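# Observations on the model geometry
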Amino acid sequence: MKAARLVVAAAASLSLVSCGGGTGGGPVDNAGDDRTIKAFDINPQPRDRVRDGGTLRWGINEFPAQWNRNHVDGNLAMAAVVSNALLPSPFLSDEKAEITPDRDYVLEAKVTEQRPKQVVTYALNPKARWSDGKPITWADYQAQWQALNGRDSGYHIASPTGYQDIEKVARGKDDFEVVVTFARPFGDWQSLFGPLMPASTNQTPEAFNTSWLNKIPVTAGPFKFGGFDQTAKTITLVRDESWWGERAKLDKIIYRASEQDSLIGAFSNGELDIIDVGPSAPGYARAKATSGAQVRQAAGPDFRHFTFNGSSELLRDRNVRQAIQLGINRQAIAQSDLQGLDWPIALLNNHFFMNTQEGYQDNAGNLGAYNPQRARQLLDAAGWKLNGAVRQKDGKTLDLRFVVPSGVQLSKQEGELAQSMLAQIGVKLTIKAVPSDDFFTNYVIPGNFDITPFAYIGTPFPVSSSYGIYANSADGKTWNANFGRTGSKAIDEAMSRAAQSLDPARARAITNAADQLIWEEVNVLPLYQRPQMVAAKATLANVGARGFYDLRYEDIGFMR
């Protein structure tokens, strides 16, 4: 959903949202750097310059099992890359993060009342239909609110953000008018209901959790589901001739899942037309050298980080987490990851706003600095004493599992650097490579790790998209999208105040107050704003490094 950040492993990712409307766009100049970063780089072409027909071969680094994007296991960037061609969303973002209704689904949406309560009214496009023939109506919106508001823990949701603030969703003058009344103000209301799932999916917890598992039962987009091939690891989409919007240019999109390192080879060999290179200097160089191809680059709301599992036995103590954070030289990791990428090397010192976004301020303070001496002091004080090269306490060794997806050289390299750094403060780091397809569902989401690296993929809604990542657990067991499994009442209250503010400047100030608290908690350790780097055939139009821009899948194709 748009109100939640998506996750990615290297080119692997998760999803986020931002607060208070436009978050900055257009080219970004970096102080002391003569490069200008584009807001998006997709080879934009008018439809009449794109030929009709053809098959697009799109490489992805994960083969998702859960296709309900609002489910905690479905909140994946690769699932979004596929299903954004299939599912409705009421709004579109342009490259400047300016939001407008997607008129294929919603003709108009606006705040119709602010007092005594915020009310938003949607006028739906009556032509919009699910692939089973049913019209898209107010009932689909009501069912999605009821599933995602967090009141029934049987629904394994990614995040209740925004939906928990709604009092009711009602039918307006007819089935194609939706009236949403909020119990509390919610500034990012445009982040809700995207993607929209059919009412049947949201009817019961069982349907929500299982009806899209290894299935895409219904669609409502310019493409429809063609089939899975579990052996070849492909997902096929075909043009939907029942689509009421502009006809899709492509006949077919075939997504092929493979480990990241293999994707680069397949692209270079001409077997794929487009892949996400990720922040990989060898991959970037190889893709750039491919004949008839180009690497498209943009600044997006995406960031690379380490997540610390605060529920693991060795990291429950916040002082220990702070010590580990202080023992990691983020600058050295960023330098290693980004060198050779033609990209500015700058640390990210905020959990909500990117360096290129309005509202960004450095909140890391002393906790973001590399300070091995202070790290040793904190570990000593926490009772972890050196016994030879590694610290021990109560007979246990401070040996942390650094879980990475196999075939992602970047993650392994980050682990080796961190391993060397942490050895200097008496902490052992054991790198554990796991199958890429299992990385999120069997390791990150259930908390089967101590530290893990991946990227969060953002949206134009910084606060609401990030809320679920840092929200505290009500019962100490259900963490939803908070994979660090730590939080506090103070963080929740600050994020809620920011989300409820209808004044963007005030919302940004409150968000930064929340960010300062998160630095102390040590849940996610930001590294840098992740460059969007997409390798594509030079003739491929209207797709690439998209920044904030929502791709119009019906316009993607090969130039005439």
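As a starting point, this report considers the structure included with it. Small disclaimer: the values here were computed from a predicted structure and weren't measured.

### Regarding the overall build of the protein
Helix and strand counts for the protein come out as 14 helices and 25 strands. Relative to its length of 560 residues, the protein is compact, with a C-alpha radius of gyration of 23 Å against a globular reference of 24 Å. Counting over 560 residues, the protein shows a buried share of 60%. For the protein, contacts bridging at least 24 residues in sequence account for 72% of all contacts bridging at least 6. For the protein, the accessible surface area stands at approximately 20200 Å², while carbon and sulfur atoms represent 46% of it.

### Comments concerning the pairing of strand 9 (residues 119-124)
For strand 9, the tally of buried residues reaches five of six residues, placing the bulk of the element in the interior. Sheet topology places strand 8 (residues 106-113) next to strand 9; six bridges connect them, and they run antiparallel. Looking at the pairing, E108 lines up with A123 of strand 9. Once strand 8 ends, the chain turns through five residues before running back antiparallel as strand 9. Where strand 9 meets strand 11 (residues 177-182), five bridges bridge the pair, whose relative direction is antiparallel. Paired with Y122 across the bridge in strand 11 is V178.

### With respect to the packing of aromatic side chains
Between two aromatic rings, the relevant description is the distance of the centres plus the angle of the planes. Taken as a whole and judged by the stated rule, the model has 26 aromatic pairs. Aromatic side chains Y105 and W243 sit 5.9 Å apart centroid to centroid with 55° between the ring planes, which places their arrangement in the tilted category. Placement of the pair is Y105 in the loop between strand 7 (99-101) and strand 8 and W243 in the loop between strand 13 (234-239) and strand 14 (252-257), with a sequence separation of 138 residues. Side by side, Y105 and W243 carry an identical accessibility label, which is buried. Here a set of aromatic residues connected by ring pairs shows up, and it is made of F91, Y122, Y141, Y163, W189 and F193.

### Considerations on the side chain of T121
For T121, the position within the fold is in strand 9. Here T121 falls in the buried class, since its relative accessible area comes to 17%. For T121, the side chain forms a polar contact with the side chain of T112, separated by 2.9 Å. Once residues lying within four places of it in the same chain are set aside, the contact partners of T121 are E108, A109, K110, T112, E177, V178 and V179.

### Section: the nonpolar core
Grouped together as the largest cluster of nonpolar side chains are 108 residues, with contacts concentrated most on W58, Y122, F193 and Y255. When sequence neighbours within four positions are dropped, the list of residues in contact with Y122 reads F91, V106, E108, A109, F176, E177, V178, V180, W189 and F193. If you look at the next biggest cluster of nonpolar residues, it comprises 54 residues, including L263, A287, V295 and V427.

### With respect to the side chain of S464
Examined against the element boundaries, S464 turns out to sit in helix 12 (residues 462-470). Classification of S464 as buried rests on a relative accessible area of 1%. Of note is the side chain of S464, whose polar atom sits 2.6 Å from the side chain of D188.

### Here we look at helix 2 (residues 138-148)
Extensive coverage of helix 2 is indicated by the burial of eight of its eleven residues. For helix 2, the full list of buried residues reads W138, D140, Y141, A143, Q144, W145, A147 and L148. Trailing helix 2 by a residue or two, G150 shows a phi angle of about 85°, which is positive.

Definitions and limits used
Residues numbered from 1 in each chain as written. Predicted model: local features only at pLDDT ≥ 70, side-chain atom pairs only at ≥ 80, totals over all residues. Heavy atoms only, no water. Helix = DSSP H or I, 4+ residues; strand = E, 2+ residues; numbered from the N terminus. Rg over C-alpha atoms; globule rule 2.2 N^0.38 Å. Buried < 20%, exposed > 50% of the residue type's maximum accessible area, 1.4 Å probe, protein only. Contact = heavy atoms within 4.5 Å. Areas by Shrake-Rupley, 256 points an atom, 1.4 Å probe, with all protein chains shown as cover. Pairing = 2+ DSSP bridges. Phe/Tyr/Trp six-rings, centres within 6.5 Å; stacked < 30°, edge-to-face > 60°. Polar contact = N/O pair within 3.5 Å; in protein donor to acceptor, adjacent residues only side chain to side chain. Core = buried A, V, L, I, M, F, W, Y, C linked by side-chain atoms within 4.5 Å.

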